[in-house]
Amino acid sequence: MLTANRLEKIMELEQELRAEYQQQLDDKQAALDAALAEKAELQATLDKQLETIQELTGKASDTQKVEQRNRELHNRADNLQGEIAELKQRLKALQKDLNAVREENKALNQFDPARMKKNLDASKKKLAEKQKDNESLQKALKESRKAQAALERRVQELEALGAESGSSESQDQESADQAA
């Protein structure tokens with residue numbers, strides 16, 4: 001029983017202490033809850049900041065990668081420009097060589113035996129045609145000269161006859177004039 005008495009006394013004491021300190025306990029609990037809420041807010045802020053830092057770190061890493069890639073591309077572009085300049089010079093040299101080869105080919109093609117024989121044959125055919133045409137023109141000229149000579153003789157004969165008849169008519173007219 002003694003223990004039950006003691007237990008009751010302890011319970012009473014606890015209730016008295018609780019009644020006496022309950023306000024303080026409630027205040028402390030409220031302060032503790034506020035501190036926990038503030039800690040949670042701070043933890044959320046920290047998490048947000050950590051996330052932002054990680055994001056920025058990732059972006060910085062991406063930025064570094066992009067910058068590195070830009071440097072590589074710039075170097076590559078410089079190298080390609082150098083190669084292009086070399087290729088342009090080579091192209092100019094090749095064009096000069098090509099022009100020289102074309103000139104040489106042109107000179108060689110001027111004396112192409114097959115083409116020269118073909119041209120010779122064509123020239124012979126044209127010459128033969130021209131000679132044939134010339135002969136026919138010569139023949140026609142001779143015939144026209146003969147015809148002209150014959151016509152000239154005929155004209156002379158007619159003029160002679162006309163002169164004879166003109167003189168006999170003028171004599172007849174003179175004698176008729178004298179008779180009248």
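Check the entry above for the structure.
A brief structural summary. Please read all numbers here as calculations on a predicted model, not as lab measurements.

### Quick look at the overall build of the protein
Within the protein one finds 2 helices and 0 strands. Relative to the compact-globule value of 16 Å for 180 residues, the protein shows a C-alpha radius of gyration of 69 Å, a clear excess of over 25%. If you line up the protein on its principal axes, its C-alpha atoms span 220 × 60 × 30 Å. Classification of the 180 residues of the protein by burial places 0% in the buried group. In the form shown here, the protein has an accessible surface area of approximately 17,200 Å², with 55% of it arising from carbon and sulfur atoms. Of the side-chain charges in the protein, 31 are positive and 36 negative, and the distance between the mean point of each set is 12 Å.

### Quick word on the pattern of salt bridges
Enumeration according to the criterion identifies 2 salt bridges in this entry. A salt bridge links Arg154 to Glu157, with the nearest nitrogen and oxygen atoms 3.8 Å apart. Placement of the pair is Arg154 and Glu157 together in helix α2 (residues 113–179), with a separation of 3 residues, close to one helical turn. We classify Arg154 as partly exposed; its relative accessible area is 47%.

### Brief notes about a negative patch on the surface
On the surface, Glu8, Glu12, Glu16 and Glu20 cluster together into a negatively charged patch. By secondary structure assignment, the location of Glu8 is in helix α1 (residues 2–110).

Here is what the cut-offs are and how they apply
- Residues numbered from 1 in each chain as written.
- Predicted model: local features only at pLDDT ≥ 70, side-chain atom pairs only at ≥ 80, totals over all residues.
- Heavy atoms only, no water.
- Helix = DSSP H or I, 4+ residues; strand = E, 2+ residues; numbered from the N terminus.
- Rg over C-alpha atoms; globule rule 2.2 N^0.38 Å.
- Buried < 20%, exposed > 50% of the residue type's maximum accessible area, 1.4 Å probe, protein only.
- Areas by Shrake-Rupley, 256 points an atom, 1.4 Å probe, with all protein chains shown as cover.
- Lys, Arg positive; Asp, Glu negative; His and termini not counted.
- Charge placed at Lys NZ, Arg CZ, Asp CG, Glu CD.
- Salt bridge = Lys/Arg side-chain N within 4 Å of Asp/Glu carboxyl O.
- Patch = residues over 30% accessible without salt bridge, like charges linked within 9 Å, V, L, I, M, F, W, Y side chains within 5 Å.

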